[in-house]
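These are the residues of each chain, in order.
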Amino acid sequence: MALTVATWNINSVRLRLDLVLRFLAEQRPDVLCLQETKAIDDAFPAKAFAEAGYRHRIIRGMKSYNGVAILSKLPLENVGGHVWCGKDDCRHVFATLPGGIELHNFYIPAGGDVPDPDENPKFAHKLAFLDEARDWIRRERQGGRPMILVGDLNIAPLEHDVWSHKQLLDVVSHTPIEVEKLTAMQEAGDWVDAVRHFVPADRKLYSWWSYRARDWDAADKGRRLDHVWVTPQLAGGLREAAILRAARGWTQPSDHVPVVVTLDPGVA
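What counts as what
Residues numbered from 1 in each chain as written. Predicted model: local features only at pLDDT ≥ 70, side-chain atom pairs only at ≥ 80, totals over all residues. Heavy atoms only, no water. Pairing = 2+ DSSP bridges. Helix = DSSP H or I, 4+ residues; strand = E, 2+ residues; numbered from the N terminus. Contact = heavy atoms within 4.5 Å. Axes fitted to C-alpha atoms, helices over the stretch in contact; angles between N-to-C directions. Salt bridge = Lys/Arg side-chain N within 4 Å of Asp/Glu carboxyl O. Buried < 20%, exposed > 50% of the residue type's maximum accessible area, 1.4 Å probe, protein only. Phe/Tyr/Trp six-rings, centres within 6.5 Å; stacked < 30°, edge-to-face > 60°. Lys NZ or Arg CZ within 6 Å of the ring centre and 35° of its normal. 1 Å grid on protein atoms, 1.4 Å probe; cavity = no way out; pocket = protein on both sides within 12 Å on 5 of 7 lines; lining within 4 Å. Points joined across faces, edges and corners; volume = space filled by probe spheres on them. Nonpolar A, V, L, I, M, F, W, Y, C, P; charged D, E, K, R; others polar. Right-handed = clockwise from strand over helix to strand, strands pointing away.

Draft legend 1. Structural view of the sheet that holds strand β12 (residues 226–230). Ordered by their spatial adjacency, 6 strands build an open sheet running β5-β6-β7-β8-β12-β9, and the pairing between neighbours is mixed. For this open sheet the edge positions go to β5 (77–80) and β9 (192–193), each flanked by a neighbour on one side alone. Pairing of β9 with β12 involves 2 bridges; the strand directions are antiparallel. Looking at the pairing, D193 lines up with W229 of β12. Helix α5 (residues 176–188) rests against β8 (147–152), β9 and β12 of the sheet, and its axis sits at about 25° to β12.

In structure tokens form, the structure reads like this:
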């Protein structure tokens, strides 16, 4: 049976609950992974999602910042989340889906504005986080389990994942050191980029547009910060992928849009 997984940095789940419910009603993914929920667990609108058919969940939230969640129509087992770089700042949750697929939802630190780890502690944290995630993947992938990794990874790794490769080389999210470390994290698990599996690397592709642009659609200065990766044994079952650009134009939107991938886990 096909499995559809979506990821979305919602930038406050309570503020944009109506948008998430609209997305679920229109797209009906089996699983939705959210980042930047910005709500403590007790304040998370779990009842609204259960009423929409997403009765299974794992949430890790904090007030006003960060926060991640997995919402699912399917039962979730072995749920949890790791603490990275010694900071319990709610940037990761995981669960096992039916069929034994391990799903990991990440919100990697943005890294601030200055791409220098000596001058900017936020950027140093981001680089350390990527190194720690790389090393963890190396250990975890030794068992060869089928896994899906999704989330706001806060890096646009390819030349055409940004509106101007040349102009953004010194801008956090597309600097060579970030790309190098994200690539190492990807290679550590031999992950397949599920969206670029369908869209050639020479085509522009974005999932985020800044709030600063007066007309984000006309300016189209986007970046592909949101990703879905699958392990090799799931790659043969990839069926389709979409980045829902239209959601950026919804009323009071997030600056990110949903990324949706469908696969058949039974096809090697």
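The discussion continues.
Draft legend 2. Looking closely at the pattern of salt bridges. Scanning the entire structure with this criterion turns up 16 salt bridges. Salt-bridge contacts for R134 lead to D135; the nearest nitrogen and oxygen are separated by 2.9 Å. We classify R134 as buried; its relative accessible area is 19%. For D135, a relative accessible area of 28% gives the class partly exposed. R245 is the partner of D220 in a salt bridge, and the nearest nitrogen-oxygen pair spans 3.0 Å. Within this pair, whereas D220 is found in the loop between α6 (216–219) and β11 (222–223), its partner R245 is found in the loop between β13 (238–243) and β14 (259–263), the two being separated by 25 residues in sequence.

Draft legend 3. Local environment of the sheet that holds β13. Taken in spatial order, the 6 strands of this open sheet run β3-β4-β2-β1-β14-β13, and their pairing is mixed. In this open sheet, the two edge strands, each paired with only one partner strand, are β3 (56–60) and β13. On average, each strand axis in the sheet is inclined to that of its neighbour by 10°, with strand direction left out of account. One ladder, built from 5 bridges, connects β3 with strand β4 (residues 68–72); its direction is antiparallel. Its bridge partner being in β4, H56 is matched across the sheet by S72. Sheet strands in contact with helix α1 (residues 17–27) are β1 (3–9), β2 (31–35) and β14, and its direction is about 160° off that of β1.

Draft legend 4. Representation of the packing of aromatic side chains in the model. For the structure on display, the rule yields 11 aromatic pairs. Counting every residue linked through ring pairs, the aromatic cluster contains W84, F106, F129 and W136. We note R22 situated over the ring of W250; from NZ or CZ to the ring centre the distance is 3.9 Å. Note that K221 overlies the ring of W163, its terminal NZ or CZ placed 4.6 Å from the centroid.

Draft legend 5. How the structure looks around the layout of surface pockets. Its volume calculated, the largest pocket comes out at about 1200 Å³. Lining of the largest pocket is provided by 40 residues; of these, A110, G112, D113, N154 and W208 occupy positions nearest its centre. Elements with a contribution of two residues or more to the lining of the largest pocket: α3 (121–140), β10 (208–209) and α6. If one sorts the elements of the lining of the largest pocket by residue count, α3 sits on top with 4 residues. As for the second largest pocket, its lining consists of M1, A2, L3, D30, L74, L97, P98, G99, I101, P146, L234 and P265. Of the residues assigned to the lining of the second largest pocket, the class counts are 10 nonpolar, 1 polar and 1 charged.

Draft legend 6. Fine view of the pairing of β2. Of all 5 residues in β2, 5 are buried; the element is thus mostly enclosed. Here β2 shows no split at all, with V31, C33 and Q35 on one side and L32 and L34 on the other all buried. Handedness of the crossover joining β1 and β2 through α1 is recorded here as right-handed. As defined by bridge partners, β2 adjoins β4 across 5 bridges and the pair is classed as antiparallel. Bridge pairing links L32 to L71 in β4.

Draft legend 7. Quick look at the pairing of β4. Here β4 lies mainly inside the structure; 5 of its 5 residues are buried. Every second residue of β4 is oriented toward a common face, with V68, I70 and S72 on one face and A69 and L71 on the other, all of them buried.

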